Amino acid sequence: MGKALNVGMIGYGFMGRAHSNAYRKVSNFFDLEHQLILKAVCARDMPKVKAFAARWGYQSVENDWRQLIDRKDIDLLDICVPNNLHREIALAAAQAGKMVLCEKPLAVNSREGAEMVAAVEKAGVPNMVWYNYRRIPAVSLAKKLVEEGRLGRIFHYRAVFLQDWTISADLPQGGTGLWRLDAAAAGSGVTGDLLAHCIDTAIWINGGIDRVTAMTETFIKERKHNLTGKVEPVGIDDACAFLARFRNGSLATFESTRYARGHKALYTFEINGEEASIQWDLHDLHRLSYFDHRDESGLRGWRSIHVTDGEHPYMNKWWVPGLQIGYEHSFVHQIADFLEGLSKNKPAGPTFRDAQETQKVCDAVLESGRTGQWVRVE
Ligand code: SOE
């Protein structure tokens, strides 16, 4: 049994499950100094939070997040609630000296993000934002190949994240499960929800973004609001496409929509360099496609690397070469890296400060969508 680290989680939706699953598994697969204890989970609906606690093995429940933060037996606070609540909870948790993990995006905008960065840094508490796709082994391998200089000079970065679950005009906005459609709770639509993932991966692999020009659209202008029962204007971007210039001189296109009929969660990216190119696709997440122009010309072609070998990122922790892992493992890897970072005093990213870079790009994209102008990322 390692050093106990008591977790208090706020929220129990899709991400509450993904994080809890990672907390439960991480020590079975990674050698860590710390042992996570699922101390408490907090949400407003007592019967539901009790059922969640029983299913996932949390020792206790709370229904007021302030009480959870006041508890002396909580070391690490995990924020898994709608985006508009991130700031207030993170500020209080940091002030109480808790480590803070926050579901993506960091905040509803970079103004709130800046306050959150300042709070965790002033308190000196370890912090991280759950941009989990970085830790899919094939994505980590892409980062490694770029870092090793295998692609040479990078010319292009191309990312898309497509879904189709909001096409029906009868779908209401707001409340549990549908807060992502409510601008007051989510801050934005696909920009903060989906493009934020693409931007985080892109900055991590290819460096900072200098400026953007975007087009956004809200296809369904009014939806019934679950909280008021009234038909209200829709304030989120249903779709967004933008061009970007990276600071390293490469050009990018990013596109996201929840109106791409047939696509449930198609996150893909492609990077084209002088010597080589890389492609990745979430629907085939354990593969990385790689083309190297330096290969013998008669044999040159796209290789599909099955990222399951012991030498691939994270894979020596799992089964034997050739056997795949999936989506949920990216969360296990992220918490493993966080805990290793604690032990080595080398914070794992993305920290709040790192995630604020994505937040600034999202702000610039939304501003450009409104004005039709190129916007420099602050
Ligand atoms: C939206 O449907 C969503 O669940 C995002 O909120 C997640 O961040 C993404 O990973 C999958 O899609």
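Here goes a summary of the coordinates provided. (Residues numbered from 1 in each chain as written. Predicted model: local features only at pLDDT ≥ 70, side-chain atom pairs only at ≥ 80, totals over all residues. Heavy atoms only, no water.)

### With respect to the overall build of the chain
Then step 1. Looking only at helices and strands, the chain has 10 helices and 17 strands in total.
Then step 2. In terms of C-alpha radius of gyration, the chain reaches 21 Å, essentially the compact-globule figure of 21 Å for 378 residues.
Then step 3. The dimensions of the chain, computed from C-alpha atoms along their principal axes, are 65 × 55 × 40 Å.
Then step 4. The proportion of buried residues among the 378 residues of the chain is 55%.
Then step 5. Counting contacts in the chain only where the partners sit at least 6 residues apart, residues at least 24 apart contribute 68% of the total.
Then step 6. For the chain, the computed accessible surface area is about 16600 Å², with 49% contributed by carbon and sulfur atoms. (Helix = DSSP H or I, 4+ residues; strand = E, 2+ residues; numbered from the N terminus. Rg over C-alpha atoms; globule rule 2.2 N^0.38 Å. Buried < 20%, exposed > 50% of the residue type's maximum accessible area, 1.4 Å probe, protein only. Contact = heavy atoms within 4.5 Å. Areas by Shrake-Rupley, 256 points an atom, 1.4 Å probe, with all protein chains shown as cover.)

### Here we look at the packing of aromatic side chains
Then step 1. The final tally for this structure, using the stated rule, is 24 aromatic pairs.
Then step 2. Relative to Phe161, the ring of Tyr133 has its centre 6.2 Å away and its plane inclined at 70°; by these criteria the two rings are edge-to-face. Placement of Tyr133 in the loop between strand E6 (127-130) and helix H6 (137-147) and of Phe161 in strand E7 (residues 154-162) is noted, with a sequence separation of 28 residues between them. For the pair shown, Tyr133 and Phe161 are each scored as buried. (Phe/Tyr/Trp six-rings, centres within 6.5 Å; stacked < 30°, edge-to-face > 60°.)

### Points about the sheet that holds strand E1 (residues 3-10)
Then step 1. Taken together, the six strands give an open sheet; going across it, the order is E3-E2-E1-E4-E5-E6, and neighbouring strands pair in parallel fashion. Bordering the open sheet on either side are strand E3 (60-62) and E6, each of which pairs with just one other strand. Here the strands of the sheet are splayed against their neighbours by 25° on average, with no regard to which way each runs.
Then step 2. Where E1 lies against strand E2 (residues 34-42), eight bridges are found, and the strand directions are parallel. Across the sheet, Leu5 pairs through a bridge with Leu36, a residue of E2.
Then step 3. Sitting on the sheet, helix H2 (residues 46-56) touches E1, E2 and E3, and the angle it makes with E3 is about 150°.
Then step 4. On the sheet, helix H9 (residues 327-344) packs against E1, E2, strand E4 (76-79), strand E5 (99-103) and E6 and is oriented at approximately 170° with respect to E6. (Pairing = 2+ DSSP bridges. Axes fitted to C-alpha atoms, helices over the stretch in contact; angles between N-to-C directions.)

### A word on the environment of Met215
Then step 1. In this structure, Met215 sits in strand E8 (residues 209-217).
Then step 2. Counting along the chain gives 156 residues from Met215 to Thr371, while the straight-line C-alpha distance between them is 9.2 Å.
Then step 3. Sequence-distant contacts of Met215, defined by excluding residues within four places in its chain, comprise Ala239, Cys240 and Ala241.

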